[in-house]
Amino acid sequence: METWAVVSRLRDSRTAAARTVYGRLLAASLRDPSVLSHHPAAVGAYFRLLTLGLVYGQSCLRSVTSSGSGKAVAAGADVLLLFDRILQAALLWFKSPPRYFARCTRKAAAEQLAALQAFIIELASVVTFWSGGKKGGPKRYPSYDASLPTAAHPVGPGGRGTAAAALPHPVWGDTNPDVSRYVELLQFLCGEELSRLRVWTEPLKYADASRVTVAVSTCTHGGLLLRDALQAAMIWTSA
């Protein structure tokens, strides 16, 4: 994370080379998120990797914006696809029920908490940037468009990729994924996980005995049962 922060500010050939290397490493690491460790002790490293992907992606998006407009002019398809894979990997973390592990020091717990907080902040920053920098305006979400023309699927008479239009999304499987719902669901889940880790880190400070735990089967999010929303967002895992 620190290395990328330094290299990305050089604005010369070294930045372009580093962008290529980081892009390939992140793409390889997140190509199949199911192989990543989902042990509760890995929460810090897991979300630091995803945060690095968001920081990298936003840096690439900023490099192709017009001066002062705040809107991406020609974001690379690889960056948009990386955002979808980060979103997929983050949702996959919540596929397992909440777990704890023994021998966790207070310092390690604090580092895990900080990693999740950094991811939440960076995710909100990406959404704000992609929405044109206006927090009160309509939100837009970066996502790979499977219907865009490619070398294998050139532009047709309608201005879109003719053969690619029927292709499923390489991450979500659906031809028209509801990325906005996935992001909102992820932000909700991360907020709940953040509260849980705060109690884990400082139980005497954050624990609230008066708080009643709500069963997942009765909890709602966006008008849907949380259980059904999770199942809809992760249906790709059974493919």
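Remember, it's a predicted structure, so these values are computed and weren't measured experimentally. (Residues numbered from 1 in each chain as written. Predicted model: local features only at pLDDT ≥ 70, side-chain atom pairs only at ≥ 80, totals over all residues. Heavy atoms only, no water.)

**Student:** What should I look at first to understand the nonpolar core in this one?
**Tutor:** The tendency in soluble globular proteins is for nonpolar side chains to be buried side by side. Ranked by internal contacts, the top residues of the largest apolar core, which has 50 residues, are Phe47, Leu50, Leu87, Leu91, Phe119 and Leu186. Setting aside residues up to four positions removed in sequence, Phe47 forms contacts with Ala90, Trp93, Phe94, Ala115, Leu116, Phe119 and Cys190. (Core = buried A, V, L, I, M, F, W, Y, C linked by side-chain atoms within 4.5 Å. Buried < 20%, exposed > 50% of the residue type's maximum accessible area, 1.4 Å probe, protein only. Contact = heavy atoms within 4.5 Å.)

**Student:** Explanation requested: the packing of helix H4 (residues 77–93) against helix H6 (residues 179–201) in the structure shown.
**Tutor:** Each pair of packed helices gets described by two things: the angle between the helix axes and the distance between those axes. Interaxial distance between H4 and H6 falls to 10 Å at its minimum, and their mutual angle equals 45°. In terms of axis orientation, H4 runs oblique to H6. Note on packing geometry: the crossing formed by H4 with H6 is left-handed. For the pair H4 and H6, contact is made by Phe83, Asp84, Leu87, Ala90, Leu91 and Trp93 and by Val179, Tyr182, Val183, Leu185, Leu186, Leu189 and Glu193, respectively. Grouping the amino acids of the contact of H4 with H6 by side-chain chemistry returns 11 nonpolar, no polar and 2 charged. (Axes fitted to C-alpha atoms, helices over the stretch in contact; angles between N-to-C directions. Helix = DSSP H or I, 4+ residues; strand = E, 2+ residues; numbered from the N terminus. Parallel < 35°, antiparallel > 145°, perpendicular 65-115°, else oblique. Left-handed = near helix turned anticlockwise from the far one by under 90°. Nonpolar A, V, L, I, M, F, W, Y, C, P; charged D, E, K, R; others polar.)

**Student:** Would you take a moment to explain the environment of Ser125 for this structure?
**Tutor:** As for its placement among the helices and strands, Ser125 is situated in helix H5 (residues 106–130). Accessibility expressed as a relative area gives 27% for Ser125, which makes it partly exposed. Sequence-wise, Ser125 and Val55 are 70 residues apart; in three dimensions their C-alpha atoms are separated by 9.5 Å. Among the polar contacts made by the side chain of Ser125, one reaches the side chain of Gln58 at a distance of 3.2 Å. (Polar contact = N/O pair within 3.5 Å; in protein donor to acceptor, adjacent residues only side chain to side chain.)

**Student:** It is not clear to me how the packing of aromatic side chains should be interpreted in this structure. Could you clarify?
**Tutor:** Working definition: an aromatic ring pair is given by the centre-to-centre distance plus the angle between the planes. Counted by the stated rule, this structure contains 5 aromatic pairs. Considering the side-chain rings of Trp172 and Tyr182, the 4.5 Å spacing of their centres and the 45° angle between planes classify their relative orientation as tilted. On the criterion of sequence distance, the pair formed by Trp172 in the loop between H5 and H6 and Tyr182 in helix H6 is long-range, its members being 10 residues apart. With relative accessibility at 5%, the residue Trp172 sits in the buried group. Every member of this aromatic cluster is reached through a ring pair, and the members are Tyr46, Phe47, Trp93 and Phe119. (Phe/Tyr/Trp six-rings, centres within 6.5 Å; stacked < 30°, edge-to-face > 60°.)

**Student:** Before we go on, may I ask you to explain the packing of helix H3 (residues 43–62) against H4 in this structure?
**Tutor:** Contact geometry of H3 with H4 gives a least axis separation of 10 Å together with a crossing angle of 160°. Regarding the angle of H3 to H4, the classification is roughly antiparallel. The handedness of the crossing between H3 and H4 comes out as left-handed. For the pair H3 and H4, contact is made by Val43, Tyr46, Phe47, Leu50, Gly53, Leu54, Tyr56, Gly57, Cys60 and Leu61 and by Val79, Leu82, Phe83, Ile86, Ala89, Ala90, Leu92 and Trp93, respectively. Residues that form the contact of H3 with H4 fall into these classes: 16 nonpolar, 2 polar and no charged.

**Student:** What is the right way to read the environment of Ile121 from this model?
**Tutor:** With respect to the helices and strands, the residue Ile121 is situated in helix H5. For Ile121, a relative accessible area of 59% corresponds to the exposed category. Taking the C-alpha atoms as reference points, Ile121 and Thr51, 70 residues apart in sequence, are found 9.2 Å from one another.

**Student:** Can you walk me through the side chain of His169 in this structure?
**Tutor:** Tracing the sequence through the fold places His169 in the loop between H5 and H6. A residue is classified by how much of its surface remains accessible, and His169, at 5% relative accessible area, is buried. Engagement of the side chain of His169 in a polar contact is seen with the backbone nitrogen of Val171, the distance being 3.0 Å.

**Student:** Looking at this structure, I do not really get helix H2 (residues 13–29). What am I missing?
**Tutor:** The α-helix advances 3.6 residues per turn, and as a result positions three or four apart in sequence lie on the same side. Compared with the 24 Å implied by 1.5 Å per residue over 17 residues, the 24 Å span of H2 between its first and last C-alpha is a close match. Burial in H2 covers these residues: Thr15, Ala18, Arg19, Tyr22, Gly23 and Leu26. Buried residues of H2, viewed axially, fall in a sector of 135°; they line one side. Of the residues in H2, the exposed ones pointing more than 90 degrees away from the buried face are Ser13, Arg24 and Leu25. (Expected span 1.5 Å × (residues − 1). Arc of directions from axis to C-beta.)

**Student:** Explain the confidence of the model for the chain here, please?
**Tutor:** Regions with low pLDDT carry predicted coordinates that are not meant to be interpreted in detail. Looking at the chain as a whole, its pLDDT mean stands at 75, while 69% of the residues score no less than 70. For the chain, the element scoring lowest by mean pLDDT is strand E1 (residues 220–221), at 51; H4 scores highest, at 91. Throughout residues 150–164 the model reports pLDDT below 50, and contacts reaching past four residues in sequence, or to other chains, amount to 21 contacts. Considering only residues more than four positions removed or in separate chains, one finds that residues 214–218, a stretch of pLDDT under 50, has 6 contacts. (pLDDT = per-residue confidence, 0-100.)

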